[in-house]
Amino acid sequence: GRSYYPAAVLNSVLGGGYTNRLNLEIRIKRGLSYGARSNVTWRDINSNFSAGAQTKNVSAAEVAELLANEINRIATDTVGQDELKPRTATLTGNFGNSLETTNGLAAQIRELYLYGLKPEELNSYTQNLQNVTDAKVKNFASKNIRGGDIIIVGDYAKFKDDLAKRFPNQK
C-alpha cells in the first residue's frame, strides 16, 4: 500500500496533466503529437504501467524512443523539487476537489481500497503525498516501470527502417 504515493507522484511527473515530461518532450518541444500521457496502477502483487502518444506513421519510431528515454530517465535521474512540488500540489488539489461530492468521496475510498489502504488514509493523504521524495520515485520506477514491451499501431512500412535504427536489439 505504501507504494501508492510514489506511484501517484511518478505518474504525475511523467505523464499526468499537460506539463508532464512526456507531453513536454513529444508535444510541446517537437510537435509530434497532440498529447502524451502515462498511467500506472499498483497492487501488492504487481504494477501495470503504460505510456503512449498518437502520432504520424513517419514519427512513430521517434516517439517510441522519446517515451522509452523518459521512462528510463525517471528511474535513473533526479526529480528535483522544481518538478516534485508542483506535481504534488496538483495531486493534492485534485484530491481536495474530489472530496466535494459524495460520489467523489466514494471514488477516493474505492481507490484506496484497491491499493490496499484503509479509508483512514484520507486523513493523511496530503501529508503522505508531500513526503514522497525523489529517491522514492526513482525506487518505484526502477522496480516497476522499466523493461516492458513497445507496441506501435500503424503502417509498419512507413516506420520500420527508423524503428530498426533506434531499437536495433528489438525483434
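1. Some thoughts on the overall build of the protein chain
Broken down by element type, the protein chain carries 8 helices and 2 strands. The 171 residues of the protein chain split such that 39% are buried. Here the protein chain displays about 10,200 Å² of accessible surface, and carbon together with sulfur accounts for 48% of that area. Of the charged side chains in the protein chain, 22 are positive and 17 negative; the average position of the first set lies 1 Å away from that of the second.

2. Some thoughts on the packing of aromatic side chains
Scanning the entire structure with this criterion turns up 6 aromatic pairs. Measuring from centroid to centroid gives 5.0 Å for Y4 and Y5, while their planes differ by 90°, and the two rings are edge-to-face. Given the relative accessible area of 3%, Y4 is considered buried. You can call Y5 buried: its relative accessible area is 2%.

3. With respect to the side chain of N23
Looking at the secondary structure, you find N23 in helix α2 (residues 21–28). Among the residues examined, N23 registers a relative accessible area of 3% and is labelled buried. Beyond its immediate stretch of four places on either side in the chain, N23 contacts Y18, I28, G35 and A36.

4. Points about the pattern of salt bridges
Inspection of the entire model under this criterion finds 8 salt bridges. R21 serves as the salt-bridge partner of E83, at 2.6 Å between the closest nitrogen and oxygen. Of this pair, E83 sits in helix α4 (residues 81–98) while R21 sits in helix α2; the two residues are 62 residues apart in sequence, bridging distant segments of the chain. Judged by relative accessible area, which is 23%, E83 ranks as partly exposed. The partner of R166 in a salt bridge is E65, with the nearest N and O atoms 2.4 Å apart. Highlighted residues: R166 in helix α8 (residues 156–166) and E65 in helix α3 (residues 60–76), separated in sequence by 101 residues. Given the relative accessible area of 28%, R166 is considered partly exposed.

5. Considerations on the environment of L24
With respect to the helices, strands and loops of the structure, L24 is situated in helix α2. When its relative accessible area of 34% is taken as the criterion, L24 is described as partly exposed. Once the C-alpha coordinates of L24 and G35 are considered, the two residues, 11 residues apart in sequence, prove to be 8.9 Å apart.

6. Points about the environment of K136
Along the polypeptide, K136 turns up in helix α7 (residues 134–144). Distance in space between the C-alpha atoms of K136 and A107 is 25 Å, their sequence separation being 29 residues. Among residues more than four places away in sequence, those in contact with K136 are P6 and N131. Among the polar contacts made by the side chain of K136, one reaches the main-chain carbonyl oxygen of N131 at a distance of 3.3 Å.

7. Considering a nonpolar patch on the surface
Together, Y18, L24 and I28 make up an exposed nonpolar region whose accessible area comes to about 280 Å². Summarising the element assignment, Y18 is placed in the loop between α1 (4–15) and α2. For Y18, a relative accessible area of 48% puts it in the partly exposed group.

Quick notes on the rules
Residues numbered from 1 in each chain as written. Predicted model: local features only at pLDDT ≥ 70, side-chain atom pairs only at ≥ 80, totals over all residues. Heavy atoms only, no water. Helix = DSSP H or I, 4+ residues; strand = E, 2+ residues; numbered from the N terminus. Buried < 20%, exposed > 50% of the residue type's maximum accessible area, 1.4 Å probe, protein only. Areas by Shrake-Rupley, 256 points an atom, 1.4 Å probe, with all protein chains shown as cover. Lys, Arg positive; Asp, Glu negative; His and termini not counted. Charge placed at Lys NZ, Arg CZ, Asp CG, Glu CD. Phe/Tyr/Trp six-rings, centres within 6.5 Å; stacked < 30°, edge-to-face > 60°. Contact = heavy atoms within 4.5 Å. Salt bridge = Lys/Arg side-chain N within 4 Å of Asp/Glu carboxyl O. Polar contact = N/O pair within 3.5 Å; in protein donor to acceptor, adjacent residues only side chain to side chain. Patch = residues over 30% accessible without salt bridge, like charges linked within 9 Å, V, L, I, M, F, W, Y side chains within 5 Å.

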